[in-house]
Amino acid sequence: MINHGSLRLRLFILILTPLVLIAALLGLWRFMIAQNTAQELFDDSLLSAGLAISRDVAISGGDALSPTTRSMIRDASGGEIFYHVTGPGGIYVTGYAYPPAATNPSAQEVYKPQFFEALYRQEPVRVLKMTERVTIDNLIGDATVTVWQRMADRNAFANELSIRAGILMGVLLATLAIVVWFGVARGLRPLLDLQDAIDLRSPDDLSEIKRAVPVEVQGVVKTLNRLFGQVENSINAHQVFISEAAHQLRNPAAAVQSMAEALQDAKTDGDREKRISELVAAAKNSATVAEQLLSLERLRQPTHENQMVEIDFRSVVEEACAEMGVNILAKGIEFDVTMPETAVTVFGDRVFLIEALKNLLDNAVKHGGPKLSQISVVLRCDGKCVNLTVTDDGAGLSPDQSEAAFNRFSQLEYSEGSGLGLSIVSAVARRHGGMVEINLVERGASITLELPIVLDRSFD
């Protein structure tokens, strides 16, 4: 449930966050609009009140305002309106005694209404001052009407407009959040159903997922199906390998057991010595098969960077030939090694490369037959590759036999070998980005291992 909630919450946040930011920007914009709207409404209200007061003063000759005007001033939208009227010569006519004055009076037309902000009883107010030519009691002159209103009243009105808009947007956002929350849950339902279906599978069920899923999830399903296929192929390969390995180890183990039992029944010392030699040979063959099987299994594992280093391939050839040469020469077989004088650098795993070379030589010895009299190893560079060719004059091997020769546990004819040698060589070649092939020769067998070399970077 935690994973379900986290994905759901992540999508919820991703969808809702930009909407909240946009709502905040709209709220700020709406507040500024409300301020401007309140400013215009209150200024219009002050102007209407000023005009009504000026009219009443002119009609009544300076007496009190009419009831209609008083009612309008008292019931003005957004708060109380104050006023002050002076007649010609600055004579006080009516209204509050001390009107607010502009802090920084601006020079403009005398008879044009002037709006400004000032302080009245320590409160900020919005003021309208208007002057016009009037006649009062046979006196002609300028009458000035000043009306003002508290800024707090108009700010409260603007805030009320903003709050109403904010409440509306908040309700819309809350509604949208609920819709998104449950909509995401409904949208993720196919993915959760897919997970539940996978959870119900047993470890032995690696078949493809054929459930219908949305387009966005099809890539995940394809990846899972590919992974299931790879895991199934790997398991099958392991099972086949274990089966074949058990079969191959059974024969050497049975031979060792048979030799040991025969040793117990030896009648003479000579017979006993012969059985001991046969037992040692069978034990060595069993150990060789086990070692080759382990090598094949190691070659199936991924390569780590620390295993692959730059190596002078000549040293690899020298070490493998020195180890195998003693046995080859002991059998009375001529053994020649030819290498270039300059270093031949390859990038690879020294242990596997030596093992591949030893298997090439071991294959020549075991499958050369009774006519085998010579084995040669030739190392040469060819462009960007190094070629190691092992040639013998034995029973022979042709290129059309490559598939059978490089398959595991396969032998072209019965011999004391296990059928793993050339398959190990092929696996080592692939691991190092190279290849191995059987050459066409008139007599005997010739196999070439080709590997990429490390070019000299000193001139790059």
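Residues numbered from 1 in each chain as written. Predicted model: local features only at pLDDT ≥ 70, side-chain atom pairs only at ≥ 80, totals over all residues. Heavy atoms only, no water.

1. Side note on the overall build of the protein chain
Then, in step 1: When helices and strands are tallied, the protein chain shows 10 helices and 12 strands.
Then, in step 2: For the protein chain, buried positions account for 35% of its 460 residues.
Then, in step 3: Just so you have it, the protein chain exposes about 27,500 Å², and 57% of that area is on carbon and sulfur atoms. (Helix = DSSP H or I, 4+ residues; strand = E, 2+ residues; numbered from the N terminus. Buried < 20%, exposed > 50% of the residue type's maximum accessible area, 1.4 Å probe, protein only. Areas by Shrake-Rupley, 256 points an atom, 1.4 Å probe, with all protein chains shown as cover.)

2. A closer look at the sheet that holds strand β12 (residues 445-452)
Two orientations exist for strands paired in a sheet by backbone hydrogen bonds: parallel and antiparallel.
Then, in step 1: In space, the 5 strands of this open sheet follow the order β7-β9-β10-β12-β11, with mixed pairing throughout. Bordering the open sheet on either side are β7 (334-338) and β11 (435-438), each of which pairs with just one other strand. Going from strand to strand, the sheet's axes swing by 15° on average, the running direction of each strand aside.
Then, in step 2: Of the strand pairs in this sheet, strand β9 (residues 374-382) and strand β10 (residues 385-392) are connected by 8 bridges, and their pairing is antiparallel. Of the residues in β10, the one forming a bridge with Leu379 is Leu388.
Then, in step 3: Of the strands in this sheet, β11 and β12 touch helix α10 (residues 421-431), which is tilted by about 140° from β11. (Pairing = 2+ DSSP bridges. Axes fitted to C-alpha atoms, helices over the stretch in contact; angles between N-to-C directions. Contact = heavy atoms within 4.5 Å.)

3. Focus on the confidence of the model for the protein chain
Then, in step 1: Confidence in the prediction for the protein chain averages 77 pLDDT; 77% of positions are at 70 or higher.
Then, in step 2: The lowest-confidence element of the protein chain is helix α2 (residues 67-74), averaging 66 in pLDDT; the highest-confidence one is β10, averaging 92. (pLDDT = per-residue confidence, 0-100.)

4. Comments concerning the nonpolar core
Then, in step 1: Formed by 42 residues in total, the largest nonpolar core has its most connected members in Phe313, Leu361 and Ile375.
Then, in step 2: The set of elements that each furnish at least two residues to this core consists of α7 (313-330), α8 (350-367), β9, β10, α9 (402-406), α10, β11 and β12.
Then, in step 3: Element by element, the count of residues in this core is highest for α8, at 9 residues.
Then, in step 4: Sequence-distant contacts of Ile375, that is, excluding residues within four places in its chain, are made with Ile328, Ile333, Glu334, Phe335, Asp336, Leu361, Ala364, Val365, Val390, Thr391 and Asp392.
Then, in step 5: Membership of the second largest hydrophobic core comes to 10 residues, among which are Ile53, Ile81, Leu128 and Val147. (Core = buried A, V, L, I, M, F, W, Y, C linked by side-chain atoms within 4.5 Å.)

5. Digging into unusual backbone geometry
Then, in step 1: We note that Arg121 has phi near 55°; this positive angle belongs to a residue other than glycine.
Then, in step 2: With respect to the helices and strands, the residue Arg121 is situated in the loop between β3 (114-120) and β4 (123-136).
Then, in step 3: A positive phi is found at Gln122, a non-glycine position, where the angle reads about 65°.
Then, in step 4: Topologically, Gln122 is positioned in the loop between β3 and β4.
Then, in step 5: With relative accessibility at 73%, the residue Gln122 sits in the exposed group.

6. Structural notes on the pairing of β12
Then, in step 1: Along β12, 6 of the 8 residues are buried, which leaves the element largely enclosed by surrounding structure.
Then, in step 2: In terms of strand pairing, β10 meets β12 through 8 bridges, oriented antiparallel. From the neighbouring strand, Leu388 faces β12, where its bridge partner is Leu449.
Then, in step 3: Bridging between β11 and β12 involves 4 bridges; their strand directions are antiparallel. Looking at β12, one finds that Met435 is bridged to Glu450.

7. What to know about a nonpolar patch on the surface
Then, in step 1: A grouping of Ile22, Leu26, Trp29 and Ile33 is seen on the molecular surface, where their side chains present a nonpolar patch of about 380 Å² in accessible area.
Then, in step 2: Turning to its location among the elements, Ile33 is positioned in helix α1 (residues 2-60). (Patch = residues over 30% accessible without salt bridge, like charges linked within 9 Å, V, L, I, M, F, W, Y side chains within 5 Å. Salt bridge = Lys/Arg side-chain N within 4 Å of Asp/Glu carboxyl O.)

8. Regarding α10
Then, in step 1: Counting buried residues in α10 gives 10 out of 11 residues, a clear majority hidden from the surface.
Then, in step 2: In the stretch just after α10, Gly433 is the one whose phi turns positive, near 75°.

9. Things to note about the environment of Leu41
Then, in step 1: Assignment of secondary structure puts Leu41 in helix α1.
Then, in step 2: Among the residues examined, Leu41 registers a relative accessible area of 43% and is labelled partly exposed.
Then, in step 3: Separated by 113 residues in sequence, Leu41 and Arg154 place their C-alpha atoms 9.0 Å apart.

10. What about the pattern of salt bridges?
Then, in step 1: According to the stated counting rule, one finds 9 salt bridges in the structure shown.
Then, in step 2: Notably, a salt bridge pairs Arg126 with Glu117, separated by 3.8 Å at the nearest N-O pair.
Then, in step 3: Across the salt bridge formed by Glu123 and Arg150, the nearest N and O atoms sit 3.3 Å from each other. Of this pair, Glu123 sits in strand β4 while Arg150 sits in strand β5 (residues 139-150), and the two are 27 residues apart along the sequence.

11. Some thoughts on the side chain of Asp393
Then, in step 1: Turning to its location among the elements, Asp393 is positioned in the loop between β10 and α9.
Then, in step 2: Taking the relative accessible area as the measure of exposure, Asp393 reaches 11% and is therefore buried.
Then, in step 3: Side-chain polar atoms of Asp393 contact the side chain of Ser373, separated by 2.4 Å.
Then, in step 4: A polar contact of 3.0 Å, which involves the side chain of Asp393, links it to the backbone nitrogen of Gln374.
Then, in step 5: Look past the residues within four positions of Asp393 in its chain and what remains in contact with it is Lys371, Leu372, Ser373, Gln374, Arg443 and Gly444. (Polar contact = N/O pair within 3.5 Å; in protein donor to acceptor, adjacent residues only side chain to side chain.)

12. Considerations on the pairing of β10
Then, in step 1: In terms of residue burial, β10 counts as a mostly covered element, since 6 of its 8 residues are buried.
Then, in step 2: Where β9 hands over to β10, the hairpin turn is made up of 2 residues, of which Gly383 adopts a positive phi near 70°.

13. Structural notes on the packing of aromatic side chains
Then, in step 1: Scanning all chains against the criterion turns up 6 aromatic pairs.
Then, in step 2: With a centroid separation of 5.1 Å and 70° between ring planes, the pair formed by Phe82 and Tyr96 is classed as edge-to-face. Taken together, the residues span a long stretch of sequence, with Phe82 in strand β1 (residues 81-86) and Tyr96 in the loop between β2 (92-95) and β3 at a distance of 14 residues.
Then, in step 3: Taken together, a centroid distance of 6.0 Å and an interplanar angle of 15° make the contact between Phe82 and Trp148 stacked. One end of the pair, Phe82, is in strand β1; the other, Trp148, is in strand β5, and 66 residues separate them in sequence. Across the pair, Trp148 and Phe82 agree in class, each one buried.
Then, in step 4: Every member of this aromatic cluster is reached through a ring pair, and the members are Phe82, Tyr83, Tyr96, Tyr120 and Trp148. (Phe/Tyr/Trp six-rings, centres within 6.5 Å; stacked < 30°, edge-to-face > 60°.)

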